[in-house]
Amino acid sequence: DTAVSQTPKYLVTQMGNDKSIKCEQNLGHDTMYWYKQDSKKFLKIMFSYNNKELIINETVPNRFSPKSPDKAHLNLHINSLELGDSAVYFCASSQDFGGGLAKNIQYFGAGTRLSVL
Amino acid sequence: EDQVTQSPEALRLQEGESSSLNCSYTVSGLRGLFWYRQDPGKGPEFLFTLYSAGEEKEKERLKATLTKKESFLHITAPKPEDSATYLCAVQAKGSSNTGKLIFGQGTTLQVKP
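Residues numbered from 1 in each chain as written. Chains lettered and ligands numbered in written order. Predicted model: local features only at pLDDT ≥ 70, side-chain atom pairs only at ≥ 80, totals over all residues. Heavy atoms only, no water.

A. Quick peek at the environment of G41(B). The residue G41(B) is located in the loop between β4 (30–38) and β5 (45–50) in this model. Considered as a pair, G41(B) and L73(B) are 32 residues apart in the sequence and their alpha carbons are 22 Å apart. Leave out the neighbours within four places in its chain, and G41(B) touches K9(A) and A110(A). (Helix = DSSP H or I, 4+ residues; strand = E, 2+ residues; numbered from the N terminus. Contact = heavy atoms within 4.5 Å.)

B. Main features of the pattern of salt bridges. If you walk through the whole model with that rule in mind, you get eight salt bridges over all chains. Note that K100(B) and E58(A) form a salt bridge whose closest N and O atoms lie 3.1 Å from each other. You can see K100(B) sitting in the loop between β9 (84–92) and β10 (102–103) and its partner E58(A) sitting in the loop between β6 (53–57) and β7 (64–70), one on each of two chains. Given the relative accessible area of 22%, K100(B) is considered partly exposed. Overall, the relative accessible area of 22% leaves E58(A) in the partly exposed class. Residue R37(B) is joined to D39(B) by a salt bridge in which the shortest nitrogen-to-oxygen separation is 3.0 Å. Take R37(B) and D39(B): they sit in the same class, and that class is buried. (Salt bridge = Lys/Arg side-chain N within 4 Å of Asp/Glu carboxyl O. Buried < 20%, exposed > 50% of the residue type's maximum accessible area, 1.4 Å probe, protein only.)

C. Examining the sheet that holds strand β3 (residues 19–26) of chain B more closely. All names here are of chain B. The five strands are arranged β1-β3-β8-β7-β6 in an open sheet whose pairing can be described as antiparallel. Bordering the open sheet on either side are β1 (3–7) and β6 (56–59), each of which pairs with just one other strand. Averaged over all pairs of adjacent strands, the angle between strand axes in this sheet comes to 15°, irrespective of strand direction. Bridge count between β3 and strand β8 (residues 70–75): six bridges; the pairing is antiparallel. The residue of β8 that forms the bridge with S19 is I75. (Pairing = 2+ DSSP bridges. Axes fitted to C-alpha atoms, helices over the stretch in contact; angles between N-to-C directions.)

D. Spatial organisation of the interface of chain B and chain A. Listed by partner, the interface residues are 24 residues for chain B and 26 residues for chain A. When chain B packs against chain A, close to 1,900 Å² is buried across both sides, 58% of that on carbon and sulfur atoms. In terms of residue class, the side of chain B that touches chain A is built from eight nonpolar, 13 polar and three charged. (Buried area = accessible area lost by both parts, 1.4 Å probe. Nonpolar A, V, L, I, M, F, W, Y, C, P; charged D, E, K, R; others polar.)

Interpretation note: all reported values are geometric properties and have no functional meaning in isolation.
The structure is reproduced here in structure tokens:
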């Protein structure tokens, strides 16, 4: 059983299209995250949700919109895709976002490689 | 601005050749430091959490240490299966209400047989 699963694993699309990436976790965690990893392996937080409530909203173009239908799912919708959006997007989850540090350990999915042509 | 810098960017070792990876950080109060391992085509996998200066943690051939300004990941007698990118991340005290992690750019380790 995969703890944090993302779909699709690969996404190739044209500039200007709209696409979504789905994420699900079966760890019973309350907090979920979206990260972007660029070609230099630099991993940067985009959003986080705790029990469907937005917690972190970094400086990200408003073409990116996260949606959390329940605490086990966090999807990422991207409008009007641009060349610069090409990257690997990772979903992660943690037991909580506050409290003891052990609860903040983040567990990652396998990533979605997005290529915008 | 909170920042994490890892060095070297890439490291090649012969099997059995011990070495260390460095993670230097500048944060407005450290709440915790995390080490992750990332294999090609996969997501980061959690290795260690360090909370305070002087703390050490070990797992098989890996040992992580923490000072007030940096952390080291020591690899003793590495094997080819230790080849991966090792990521360091910090959580600042100011992020205790968000869980935000700031990652370094990683060190890609290659261990040759």
